Each structure stands twice: as structure tokens, then as C-alpha cells.
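# Geometric and topological summary
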Amino acid sequence: MIVGNRKSLEEILELVKPYKKILLLGCRECITVCAAGGEREVGVLASELKIARKKDGEEIEIKEFTLERQCDVEYIEQIKPFIDEYEAVVSMACGAGINYTADCFPKNIVLPAINTTFLGVTLEQGVWSERCQGCGECILHLTGGVCPVARCAKSLFNGPCGGSAKGVCEVDKDTDCAWQLIVDRLKAQGKLENYEKIIEIKDWSTSRDGGPRRRIREDLRITS
Amino acid sequence: MKTKSNIERLLEAGNFVVTSECGPPRGSDPEVIRKKGALLKGVVDAVNVTDNQTSIVRMSSLSACVILKELGIDPIWQVVCRDRNRIAIQSDILGAAALGINNMLCLSGDHQSFGDNPKAKNVYDIDSTQLISVVKKLRDEGKFLGEKEEEVKGRPNLFIGAAENPFGDPFEIRAMRLGKKVKAGCEFIQTQGIYNVEKFAQWMKEVCDRGLDKQCAILAGVIPLKSAGMASYMKKSVPGMDVPDELIARLKGVPKEQQGEEGIKIAVETIQKVKEIPGVRGVHVMAIEWEEKVAEIVKAAGLSPRPE
Ligand code: SF4
Ligand code: SF4
């Protein structure tokens, strides 16, 4: 899933400073699962904002609304009837959702309340961890299912670097060295000989480096 | 001989080679390099120039190499994958060769979080093993990277080196990892600083069992310790550094003002020990901001004068 963090109250207060009437827009997908921008968090942020603004003598009117998804126009359109009643939309979706809400209403102000961080997993309740960077050409079959792009601090394809020590990455003592994990995994699978193969220079054009990406499934398109 | 490298020539003639290192300054004064160079000229066979080591911005490695070259030293140009993509690196390789550089050391580089610009974006378009293959392709096949593999007009004749850490984890793949670098085209290796000679010997044995010592010259890294404090710091804070406790105790056992001398003794003994390990073809003495001691160490180790 996509994982994000809510911005601090101070930062959001600064963003909404010029406005007296805002639409606070959550999303029920990943950002709900990672407890950053779902209906519950919309409610929490709304009360925090109201309390803070009241204290400053600058009361703010907030409409709370949470969409099924902010990355699909059919859901985003639900705010069409009332969006113009508000001076700004504060989106609590992931970066994709915030972009798309802004794309769908190009004349309206759309502000981000979430810092979108990574594609990851839930390790335990309240702990999420990065697993993939969407590089567009997956090589997990070569690395025992451990992604070197996302999980090695240097995205090395023929690691580990000289800084790997006791299973820990040189960058942070709380982070596993991805290449230690890869070697352990290959060993457990009886495939350590895979390690000896040089992984060739990567084609990054399938990644962000090729520019914004699109996926088209002609068979699914409804062309009239 | 593929190149005009002094160390390639000496290695081919069967000599035990000695290299050292020179860190460029945090400024643009060429005199700093010239002073360090003067301390190393004739003392060692080639001098590495670090590339923004520990991710701290310094004078560019290539520029400092050219300054050393003007003094008659054969520099080893260090290149890290952290700051340049394949376009910049191929271009710099051609430029280095044009400026008369004969040796290149391919490194992944320390992470930027260690340096003075921890907020920088890193590149890592290619890694150090892949970088070796890039130089080799330009030099031996005369071809650029890219779909079209266009022809290089004027091939860069660089002697290709890399680093390896025999003490990094996981230990069991460290010799295998060297094997990958050799397969990619690496011709010489300078190791991480050795304090644990036994563990190094164990790694060397695996290297020799795989026949890698025949395909690639292994130069054993030695970093003289200035004090017990430096030894403890290295053990604790430099990832992948193996400093045995006995060594720290030995330094602590002498008065502070004599610890530097003791550190030099340890370095000399280490050189003498690693020299006897089968497969070791030279030493790489990294006297960090202590270049004035290199001549003394090399001499005490019985490695002076250097062959013509
Ligand atoms: S290799 Fe690419 S696609 Fe596969 S997990 Fe890593 S970043 Fe994601
Ligand atoms: S220590 Fe491991 S994870 Fe960290 S940069 Fe080096 S190889 Fe990558």
C-alpha cells in the first residue's frame, strides 16, 4: 500500500491561514489503512484546526468528507455539487489523490495535509516499512524477494557495500542491510550461486526517470 | 600491458607494489595537494585521490589527480557512484584519460548522510561492479553504453581497480563478491584497512582458492592509527571496520604522546605480516591527514627504495 504521514498541525495551520471555510477531504484507501488520512483522521484534524483557530480568534468552518478513493474521477465527482462553497480543499489522500483532486478541479485551491512517503507493508500495528519503489522492471526473482532498489540505501544491484555490518545498514542502525537479507534469503533457498551472477546495469527509463508513467489496457478502455 | 600505469608495469614485472592516498582539500588551493604530493613522491608507486570521501565536499578528485600528475606522481583516480550517472561517468572517464590519468578506482561511495550535505539526492544509477564493466567496455571493446553501442574514438587506457572490504558482512560472500568484480573486469583491488590480520588471511585463502589472486592484484590496505582514541572511534563508528580489542589495549598501554609511534609500529608489523600471506601483491598505506609518516612506514617495512 501507499504510506503517508500527516503534516504537523503548525504546518497545516499555516497552509489554511488565509481561509475561513475549507473542505477537509479524506480517502478510504491506503491512507486509511496507514492511519493518516481516513475518516477518523479527518475528524481529528478538523477538531484540532477548529480549536487552534478559535484560540487565535480566527474561527474556521470545516466540512468533513471522506471519499471512497481520491484517485478515481467517479468518486471525486461527488464533491462537485459543493466544492465551490469552500475557499480551499485540504486533501488527506496520498500524493496521487491530492494531485487528482486538483486535476479534476483546476480552478479550486487544493492543499496537501499528507506527506506521502512510500510503498510498503504493515509490519505490526503502528509500524510500516518500505518495500518497493515502483521501478517498473521487477527483479525480485533474482534477489530472493528482497528489493535492492527500495531497501538498500544506495540501491546497489551487486551489493553489499563495504559498510554492511552485523546485518545492519551503514546509514542507520535500526535498518536491516538489504544485501544481508538477500544473501540470507538466497542461502535459505539453496540458491546462493545466484549471488555470483552480476546483475546488469538497470534500465531506469521504466522508472520515474523516464518521466511520468502511464499504463493502458486497450481491452478495458471504453472508447465511443 | 594494457595501460601506461606505473603499478600495472611494476606488478607485471613481479614487484610488490606500494600505494598511498591523498585527500583533496576543502578549498581550491592547489598548494595543499602539491605539499602532500611532495611527501609521497618517490616514496610509493602510485597515489589514490579520494572522491569527496565520507560525502564531504572537497576539490574534485580528477583535478587533484592532474596536480599530482604534474609533480611526476602516477595518481589513482577514485570515482564513486553516489554523485554521477552513467552519462557523467563515461564523460569523466574520457576526460581523465585525455589528461593522462592511468588508473581508476571504482567505488560505490559512502552514503551522503555521513557528509556535510545529508539532504542531497544520491544518484546510484550504476553500482561499483557495473562501473568496472563500463570502463572495461570503453577501454577494451571501444564501445559506449547504450542500445547502439557506438564506437569510442580514442579509447581510455585506464588500469581498472576497485575496493573490497574483507571485514564487511556477510563474511561468507566477501570473496564471491570480489569474484564478481573480477568478472566485471577489475584488475587490482585495494582492501579496507586491516587490523585483524587473521581474518584477512582467511579471506585471502578463499580468494586464492577461487583463483582470483591470479586474475587480479590484491593490495592489502593499512591505516596507521594515531591514538587509542582513533582506534576506538574506528571500531565503534566506522561501519565495516574490524579493530581487535588487543590492539586498542596495546595503544592504551603506552603514554598518549607515544601512541602515534606505537600506531606506526603496528602499521609496519601489519605490512610485514600481510606481505607473507599468499596472493598479496602489494600494500595500500592510507595515512589519513598524516601523509608525512608514509615514507617512514614504507622504509621501516623494508619497502624502500621503490623500484624504478
Ligand atoms: S525491483 Fe522495482 S518493481 Fe520490484 S520491488 Fe523493487 S522497486 Fe518494486
Ligand atoms: S549497508 Fe547494505 S543496505 Fe546499506 S547501503 Fe550498504 S549494501 Fe545497501
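In this text the structure is predicted, and so the values were computed from the model without any measurement.

### Things to note about the overall build of chain A
The secondary structure content of chain A amounts to 7 helices and 9 strands. Compactness check: chain A gives a C-alpha radius of gyration of 22 Å against a globular reference of 17 Å for 224 residues, more than 25% above the reference. The 224 residues of chain A split such that 42% are buried. In chain A, the share of contacts with a sequence separation of at least 24, taken over all contacts with a separation of at least 6, comes to 60%. Carbon and sulfur atoms form 50% of the exposed surface of chain A, whose accessible area is close to 12600 Å².

### A short note on the site of ligand 2
Residues and elements named next belong to chain A. The local shell around ligand 2 consists of C152, A153, K154, P160, C161, S164, C169, E170, C177, A178 and W179. Here ligand 2 is seated within the largest cavity. Split by residue class, the shell around ligand 2 holds 8 nonpolar, 1 polar and 2 charged.

### Brief notes about the sheet that holds strand β2 (residues 21–27) of chain A
Residue and element names in this part refer to chain A. With respect to topology, 4 strands assemble into an open sheet ordered β3-β2-β4-β5, the strand pairing being parallel. A strand with exactly one partner marks an edge of an open sheet, and here the two such strands are β3 (61–67) and β5 (110–112). Adjacent strand axes in the sheet meet at a mean angle of 25°, parallel and antiparallel pairs treated alike. Sheet strands touched by helix α3 (residues 39–55): β2 and β3. Its angle to β3, the strand with the most contacts, is close to 170°.

### Some points on the domain arrangement of chain A
When its domains are assigned, chain A resolves into domain 1 (2–118) and domain 2 (133–199). Placing the centre of domain 1 of chain A and that of domain 2 of chain A at their C-alpha centroids yields a distance of 38 Å.

### Remarks on empty space enclosed by the protein
Under the defined criterion, the tally for this structure stands at 2 cavities of 30 Å³ or more. When its volume is computed, the largest cavity comes out at roughly 100 Å³. Surrounding the largest cavity, 14 residues form its lining, A:C152, A:A153, A:C161, A:C169 and A:C177 being those nearest its centre. In terms of residue class, the lining of the largest cavity is made up of 10 nonpolar, 1 polar and 3 charged. The element contributing the most residues to the lining of the second largest cavity is helix α11 (residues 259–275) of chain B, with 4 residues. Here the residues of the lining of the second largest cavity sort into 8 nonpolar, 2 polar and no charged.

### A look at the interface of chain B and chain A
The partner chain A presents 30 residues to the 33 residues of chain B that form the contact. When residues of chain B are sorted by the area they lose upon contact with chain A, B:Q130, B:D169 and B:K180 head the list and together hold 22% of the total. Here chain B is connected to chain A by 2 salt bridges. On inspection of chain B and its partner chain A, the count reaches 19 residue pairs in polar contact (both at pLDDT 80 or more). Residue assignment for the side of chain B that touches chain A shows that the elements contributing at least two residues are α5 (128–141) and α6 (174–184) of chain B. The dominant element in the side of chain B that touches chain A, judged by the number of residues it contributes, is α6(B), at 6 residues.

### Topic: the packing of helix α9 (residues 228–237) of chain B against helix α10 (residues 245–252) of chain B
Residues and elements named next belong to chain B. Interaxial distance between α9 and α10 falls to 8 Å at its minimum, and their mutual angle equals 160°. Viewed along their axes, α9 and α10 adopt a mutual orientation that is roughly antiparallel. Our pair here, α9 against α10, has a crossing hand that is left-handed. Where α9 abuts α10, its residues A228, A231, S232 and K235 lie against D245, I248, L251 and K252. In the contact of α9 with α10, the residues fall into 4 nonpolar, 1 polar and 3 charged.

### A short note on the packing of aromatic side chains
Enumeration according to the criterion identifies 5 aromatic pairs over all chains in this entry. With 5.2 Å between their ring centres and 65° between their planes, A:F65 and A:F82 make a pair best called edge-to-face. Residue A:F65 is located in strand β3, and its partner A:F82 is located in the loop between α4 (73–76) and β4 (88–91); the two are separated by 17 residues in the primary sequence. For A:F65, a relative accessible area of 23% puts it in the partly exposed group. Considering the side-chain rings of B:F200 and B:W203, the 5.9 Å spacing of their centres and the 35° angle between planes classify their relative orientation as tilted. Of this pair, B:F200 and B:W203 both sit in helix α7 (residues 197–209), 3 residues apart, which is roughly one turn of that helix. The burial state of B:F200 is the same as that of B:W203; both residues are buried.

### Regarding a nonpolar patch on the surface
Residue and element names in this part refer to chain A. Taken together, the side chains of V121, L123 and V127 define a hydrophobic patch exposed on the protein surface, amounting to about 210 Å² of accessible area. For V121, the location among the structural elements is in strand β6 (residues 114–124). Judged by relative accessible area, V121 falls into the partly exposed class, the value being 33%.

### As for the sheet that holds β6(A)
Residue and element names in this part refer to chain A. The strand order across the open sheet formed by 3 strands is β1-β6-β7, and the pairing between neighbours is antiparallel. The sheet is open, and its two borders are formed by β1 (2–6) and β7 (127–132), each paired with just one other strand. Each adjacent strand pair in this sheet contributes to an overall mean axis angle of 70°, direction not counted.

### Here's the deal with the side chain of B:R177
As for its placement among the helices and strands, B:R177 is situated in helix α6. What B:R177 contacts, discounting residues up to four positions off in sequence, is A:N158, A:G159, A:P160, A:C161, A:Y195, B:S128, B:T129 and B:E164.

Calculation rules
Residues numbered from 1 in each chain as written. Chains lettered and ligands numbered in written order. Predicted model: local features only at pLDDT ≥ 70, side-chain atom pairs only at ≥ 80, totals over all residues. Heavy atoms only, no water. Helix = DSSP H or I, 4+ residues; strand = E, 2+ residues; numbered from the N terminus. Rg over C-alpha atoms; globule rule 2.2 N^0.38 Å. Buried < 20%, exposed > 50% of the residue type's maximum accessible area, 1.4 Å probe, protein only. Contact = heavy atoms within 4.5 Å. Areas by Shrake-Rupley, 256 points an atom, 1.4 Å probe, with all protein chains shown as cover. Near = heavy atom within 4 Å. 1 Å grid on protein atoms, 1.4 Å probe; cavity = no way out; pocket = protein on both sides within 12 Å on 5 of 7 lines; lining within 4 Å. Sits in = over half its atoms within 2 Å of the grid points. Nonpolar A, V, L, I, M, F, W, Y, C, P; charged D, E, K, R; others polar. Pairing = 2+ DSSP bridges. Axes fitted to C-alpha atoms, helices over the stretch in contact; angles between N-to-C directions. Domains from an automatic or database assignment. Points joined across faces, edges and corners; volume = space filled by probe spheres on them. Buried area = accessible area lost by both parts, 1.4 Å probe. Salt bridge = Lys/Arg side-chain N within 4 Å of Asp/Glu carboxyl O. Polar contact = N/O pair within 3.5 Å; in protein donor to acceptor, adjacent residues only side chain to side chain. Parallel < 35°, antiparallel > 145°, perpendicular 65-115°, else oblique. Left-handed = near helix turned anticlockwise from the far one by under 90°. Phe/Tyr/Trp six-rings, centres within 6.5 Å; stacked < 30°, edge-to-face > 60°. Patch = residues over 30% accessible without salt bridge, like charges linked within 9 Å, V, L, I, M, F, W, Y side chains within 5 Å.

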